Amino acid sequence: MRKGLWLGVLCFVPVISNAVVIPSTNDSARPVINKVNYQTSAEGWVTSQTAEVVIDVSASLTEQQLAKAHSEILDKLNNLVKADWHITQFNRNPNQSGLEQLQVEASARLPEEALVNIRSQAKKISKEGETFSVGNIDFTPTLADSIAEREILRQQIYTQIQRELVTLNKMYPSQRYVVHDINFSETSVPQPQIRAMVAAAGAGSQEGQNAPLTVQNKLTLSAYVSLASVNQ
């Protein structure tokens, strides 16, 4: 009888948990005490070693010739300069002689050394009823060029921000500053004097005046930075 009573008492003994609550170390969950807002910038040059070249093709073809015109034009362009040519326009209209008048534009990015004699070479691959001519040469840097320079400038800005954090934390040891927010903006400025030189060279009658020129765009990357102190 006593044994059963003892077991019944044990059933009513409360279980006490000894779990310990550990404070969160997440800085974002801590209240912000002070903020330091400032702007910093880095400047660089986006350089292009290639130019986008547009070739205009005009041809009078029969219906049978039109069937293979696309591939034949690409073959001739690769004989002109071996590159990744893309046909961007392909227009055909009947002319008075009963043939199809074909107007084609093709473009490729070409290195500087391929541009020296490109106008005269385009004339050489032309023939009666089919002409090749250089429509445009544009040294504007590519998107990949801009992305590469932008990454370099961001790294420079991150280094500047890190130095700012070190300085603040040394000056105010009772607080701990961390990066709270970074917003980037940029400006890209083409250099008109260089573009004018390129245009003048392209308009020259002598191939020597059409010497390749490297074009650079000035890129300025700015960052609006907020540094905040958090509770220790």
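Residues numbered from 1 in each chain as written. Predicted model: local features only at pLDDT ≥ 70, side-chain atom pairs only at ≥ 80, totals over all residues. Heavy atoms only, no water.

## So, the packing of aromatic side chains
Piece 1. Scanning all chains against the criterion turns up two aromatic pairs.
Piece 2. For the ring pair Tyr158 and Phe184, a centre distance of 5.9 Å and an interplane angle of 80° mean the geometry is edge-to-face. Placement of the pair is Tyr158 in helix H5 (residues 143-171) and Phe184 in strand S6 (residues 176-190), with a sequence separation of 26 residues.
Piece 3. Note on Phe184: relative accessible area 33%, which makes it partly exposed. (Phe/Tyr/Trp six-rings, centres within 6.5 Å; stacked < 30°, edge-to-face > 60°. Helix = DSSP H or I, 4+ residues; strand = E, 2+ residues; numbered from the N terminus. Buried < 20%, exposed > 50% of the residue type's maximum accessible area, 1.4 Å probe, protein only.)

## What about the environment of Gln101?
Piece 1. Structurally, the position occupied by Gln101 is in strand S4 (residues 100-111).
Piece 2. Sequence-wise, Gln101 and Thr62 are 39 residues apart; in three dimensions their C-alpha atoms are separated by 9.0 Å.
Piece 3. Ignoring any residue separated from it by four or fewer positions in sequence, one finds Gln101 in contact with Ser58, Ala59, Ser60, Asn91, Arg92, Asn93 and Asn95.
Piece 4. At 2.7 Å, the side chain of Gln101 and the side chain of Ser60 are in polar contact. (Contact = heavy atoms within 4.5 Å. Polar contact = N/O pair within 3.5 Å; in protein donor to acceptor, adjacent residues only side chain to side chain.)

## Some thoughts on the sheet that holds strand S2 (residues 50-61)
Piece 1. Overall, antiparallel pairing links the four strands, which are arranged S3-S4-S2-S5 in an open sheet. In this open sheet, the two strands that pair with only one neighbour each are strand S3 (86-94) and strand S5 (130-138). When strand polarity is set aside, the average angle formed by the axes of neighbouring strands in this sheet is 15°.
Piece 2. Strand contacts of helix H3 (residues 69-80): S2, S3, S4 and S5, with the helix running at about 130° to S3, the strand carrying the most contacts. (Pairing = 2+ DSSP bridges. Axes fitted to C-alpha atoms, helices over the stretch in contact; angles between N-to-C directions.)

## With respect to H5
Piece 1. Here H5 spans 42 Å end to end across 29 residues, near enough to the 42 Å set by a 1.5 Å rise per residue.
Piece 2. All of the buried residues in H5 are Ser146, Glu149, Leu153, Ile157, Ile161, Leu165 and Leu168. (Expected span 1.5 Å × (residues − 1).)

## Considerations on the pattern of salt bridges
Piece 1. For the coordinates displayed, the defined rule picks out four salt bridges.
Piece 2. The closest approach of N and O atoms between Lys68 and Glu72, which form a salt bridge, is 3.9 Å.
Piece 3. The class of Glu72 is partly exposed, set by a relative accessible area of 34%. (Salt bridge = Lys/Arg side-chain N within 4 Å of Asp/Glu carboxyl O.)

## Here's the deal with the layout of surface pockets
Piece 1. Here the largest pocket defines a volume of roughly 200 Å³.
Piece 2. Taken together, 14 residues make up the lining of the largest pocket; nearest its centre are Leu61, Gln65, Glu72, Lys127 and Glu130.
Piece 3. Secondary structure elements with two or more residues in the lining of the largest pocket: S2 and H3.
Piece 4. Tallying contributions element by element places H3 first for the lining of the largest pocket, with four residues.
Piece 5. Taken together, the residues that form the lining of the largest pocket break down as four nonpolar, four polar and six charged. (1 Å grid on protein atoms, 1.4 Å probe; cavity = no way out; pocket = protein on both sides within 12 Å on 5 of 7 lines; lining within 4 Å. Points joined across faces, edges and corners; volume = space filled by probe spheres on them. Nonpolar A, V, L, I, M, F, W, Y, C, P; charged D, E, K, R; others polar.)

## What to know about the nonpolar core
Piece 1. Counting 26 residues, the largest nonpolar core has Val53, Ile55, Trp85, Leu102, Leu110, Leu115 and Ile118 as its most contacted members.
Piece 2. At the level of elements, S2, H3, S4, helix H4 (118-124) and S5 are the ones that each hand at least two residues to this core.
Piece 3. With six residues, S2 is the single largest residue contributor to this core. (Core = buried A, V, L, I, M, F, W, Y, C linked by side-chain atoms within 4.5 Å.)

## Details of H3
Piece 1. The terminal C-alpha atoms of H3 lie 16 Å apart, and with 12 residues this matches the ideal 16 Å at 1.5 Å per residue to within 8%.
Piece 2. What H3 keeps buried is the set Ala69, Ile73, Leu77 and Leu80. Mapping the buried residues of H3 onto a view down its axis gives an arc of 70°, with all of them on the same face. (Arc of directions from axis to C-beta.)

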